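Here is what each chain is made of, one letter per residue.
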Amino acid sequence: MRNDSPSRSPQPGRRGLFGNIRWWVLLLAAGYAAFYFFSNRAVDPYTGEKVLIDSSLDASQEKALGLQAYQQILAEEPPLPADAPMSRDIRAIAQRLIAKVDVVETSLAQEHGLQPGHFSRDFDWEVNVIQSDQANAFCLPGGKMAVYTGLVPVARTTDAMAVVMGHEIAHALLRHGAQRMAQQKLTQIGQVAGAASGMDAQQQQMMMSAMGYGYLLPYARSHETQADEVGLMLAAAACFDPREAVPLWERMGQASGGQSPPEFSSTHPNPGTRIQNLQALMPKALEYRQKFCEQAK
């Protein structure tokens, strides 16, 4: 009997999930990404760890980028007057923290058998208070800082505010902004390679998700943990009570409504993990307070 039904020949473009990819493009991109990664590594004196910072980005460029971003933020969100009581209080906390940067960096570097870089000695420190309900603060490359008024009722105490501000200062000291820029370059290499290799949108999304969960998010969480440690040592050395860190982060969790994504999909450690880390650091922080706080002697 004759069968007139059409034969089912394989369709081009449907040779499996990754059948049409130009793998040589991905291999070249992987090689370039590996070269970039290993040729732009430096040892951070605060942590003793090797970090990725683009060697073409010098301190002056980093400061210029921080200043540009800072001016844009202040243009959109004008700060409180410099003589406002809250501005004076926040600036006084910042001055105490900044005064201890050198000794804390030197001490941490010595713990890792390294010499301090004193990268921040060229910072042009500036601190402003911005009227906003956000319970937030930041410190950009070059020492440009801001504290939002919404943080004050959450912090409650001068010591707790110093812990937050120390954490933000630590991000700038550790050059986390420069590290994120280098990570973005690796991400761009991956995106360009995905498109040039013939991946469709779904395949590119899968590749970038794998990169995010496997590398970018864990790296961001490590930045937060590093900033917690360095910031806590700064606050302790500046004669603030580091023990205020634990109730502070408990209140920060409450202020967010207790809503936080799973740790593996977040740029920040789980609040419970963060508090455990801070509790483990407390003996060291109290030692720093005894060693560097003149009032404690």
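This text gives an overview of the structure that appears in the document. This structure is a prediction, so every number in the text was calculated from the model and none was measured.

1. Structural notes on the overall build of the protein chain
Secondary structure assignment for the protein chain yields 10 helices and 5 strands. Burial statistics for the protein chain: of 297 residues in total, 45% are counted as buried. Contacts in the protein chain between residues at least 24 apart in sequence constitute 73% of all its contacts with a sequence separation of at least 6.

2. Description of unusual backbone geometry
If you check the backbone angles, R175 has positive phi at about 60° while not being a glycine. With respect to the element layout, R175 can be found in the loop between α6 (158–173) and α7 (176–196). Overall, R175 belongs to the buried group, its relative accessible area being 17%. Here C239, not a glycine, exhibits a phi torsion of approximately 75°, which is positive. When you line up the elements, C239 lands in the loop between α8 (201–237) and α9 (245–255). Classification of C239 as buried rests on a relative accessible area of 10%.

3. Describing the sheet that holds strand β5 (residues 144–148)
The sheet built from 3 strands is open, its strands ordered β3-β5-β4 with mixed pairing. The two strands at the open ends of the sheet, each matched to only one other strand, are β3 (126–130) and β4 (137–140). For this sheet the average axis-to-axis angle between neighbouring strands, irrespective of direction, equals 15°. As paired elements, β4 and β5 share 4 bridges and run antiparallel to each other. Bridging across to β5, L140 finds its partner in K144. Relative to β3, helix α2 (residues 59–76) is tilted by about 25°, and along the sheet it contacts β3, β4 and β5. Those strands touched by α6 are β4 and β5, and its axis lies near 30° from that of β4.

Reading the values: the criteria
- Residues numbered from 1 in each chain as written.
- Predicted model: local features only at pLDDT ≥ 70, side-chain atom pairs only at ≥ 80, totals over all residues.
- Heavy atoms only, no water.
- Helix = DSSP H or I, 4+ residues; strand = E, 2+ residues; numbered from the N terminus.
- Buried < 20%, exposed > 50% of the residue type's maximum accessible area, 1.4 Å probe, protein only.
- Contact = heavy atoms within 4.5 Å.
- Pairing = 2+ DSSP bridges.
- Axes fitted to C-alpha atoms, helices over the stretch in contact; angles between N-to-C directions.

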